[in-house]
Amino acid sequence: FTLQTISHKKYLDNDRFSQIAVDVLEKTAEVVYNESDKEEALEILKEKEELDVLLILSECYFLQGNYENAKKYIQTILESDPNNGKALHLHGKTFIAEKNYEEGIDYLKRSSEENPLNFPRRIEVGDAYLKIGLKNEAAEIFETLESQNITDLDLAKIGASYLSAGDIKNAGKYLDK
């Protein structure tokens, strides 16, 4: 709760926040399981299948740019719960951050299939398609979303995706709505 409050109030930038969160989670593991070795305590957390804690830890590593550790913990989550939408989403974002777009898109698509009403996740799939030049695939996703009464913020996100891909015409189409 405290870390979430600090993060939302923007007292800390993402790097500093995620480092504090990792430190807190590691210390929590040590205290809860009376272990002096952080790695051993984290292993116990994994064994206990504390998926929410692992997801938070994965996201912290992702925010730090430590994609290998993020993927390691995400994989642990997916081994226990292969349809965990949040883990699938974070896994996709991690691969995208590493510029492994094909694998990232696969995970993002699986994540959006788990929760098809989560429009921002579907927008991220379209955005990833634009990053690798698959404009028709992106347009299909965005047009489908547009017909589903998305919010103005969602329209702005689509416009921003087109803008970052250098497509000013389509960016304007969505930003003008």
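Thresholds applied
Residues numbered from 1 in each chain as written. Predicted model: local features only at pLDDT ≥ 70, side-chain atom pairs only at ≥ 80, totals over all residues. Heavy atoms only, no water. Helix = DSSP H or I, 4+ residues; strand = E, 2+ residues; numbered from the N terminus. Expected span 1.5 Å × (residues − 1). Buried < 20%, exposed > 50% of the residue type's maximum accessible area, 1.4 Å probe, protein only. Contact = heavy atoms within 4.5 Å. Phe/Tyr/Trp six-rings, centres within 6.5 Å; stacked < 30°, edge-to-face > 60°. Core = buried A, V, L, I, M, F, W, Y, C linked by side-chain atoms within 4.5 Å. Salt bridge = Lys/Arg side-chain N within 4 Å of Asp/Glu carboxyl O.

Attention now moves to helix α8 (residues 119-131). The end-to-end C-alpha distance of α8, which contains 13 residues, comes to 19 Å, matching closely the 18 Å that a straight helix rising 1.5 Å per residue would cover. Taking burial as the measure, the 13 residues of α8 include ten buried ones, the bulk of the element. The set of residues buried in α8 consists of F119, R121, R122, I123, V125, G126, D127, A128, Y129 and L130. Where the residues of α8 are buried, they touch α6 (85-97), α7 (101-114), α9 (135-146) and α10 (152-164). Phi turns positive, to about 85°, at G133, one or two residues after α8.

Each pair of aromatic rings is reported with the distance of its centres and the angle of its planes. According to the stated counting rule, one finds six aromatic pairs in the structure shown. Ring plane angle 15° and centroid distance 5.8 Å describe the contact between Y162 and Y174, whose orientation is recorded as stacked. Of this pair, Y162 sits in helix α10 while Y174 sits in helix α11 (residues 168-175), and the two are twelve residues apart along the sequence. Take Y162 and Y174: they sit in the same class, and that class is buried. Through successive ring pairs, a cluster of aromatic residues spans F142, Y162 and Y174.

Counting 21 residues, the largest nonpolar core has F142, L145, I158 and Y162 as the members making the most contacts within it. Breaking this core down by element, the ones donating at least two residues are α7, α8, α9, α10 and α11. In terms of residues, this core owes the most to one element, α8, which gives six residues. For F142, the residues in contact, after removing those within four places along its chain, are I123, G126, D127, L130, I158, S161, Y162 and Y174. Core analysis: the second largest hydrophobic core is formed by 16 residues, L54, I74, A87 and L88 among them.

Another point: the environment of E102. Mapped onto the secondary structure, E102 falls in helix α7. When the C-alpha atoms of E102 and G92 are compared, they prove to be 9.4 Å apart, with ten residues separating the residues in sequence.

Evaluation of the coordinates by the stated rule reveals four salt bridges. The partner of K71 in a salt bridge is E98, with the nearest N and O atoms 2.9 Å apart. A residue pair is termed long-range when its members are at least 10 positions apart, and K71 in helix α5 (residues 67-80) and E98 in the loop between α6 and α7 qualify at 27 residues. Classification of E98 as partly exposed rests on a relative accessible area of 29%. For D127, the salt bridge is made with K131, and the minimal N-O distance between the two is 3.4 Å. Taken together, the residues D127 and K131, both in helix α8 and four residues apart, mark about one turn of the helix.

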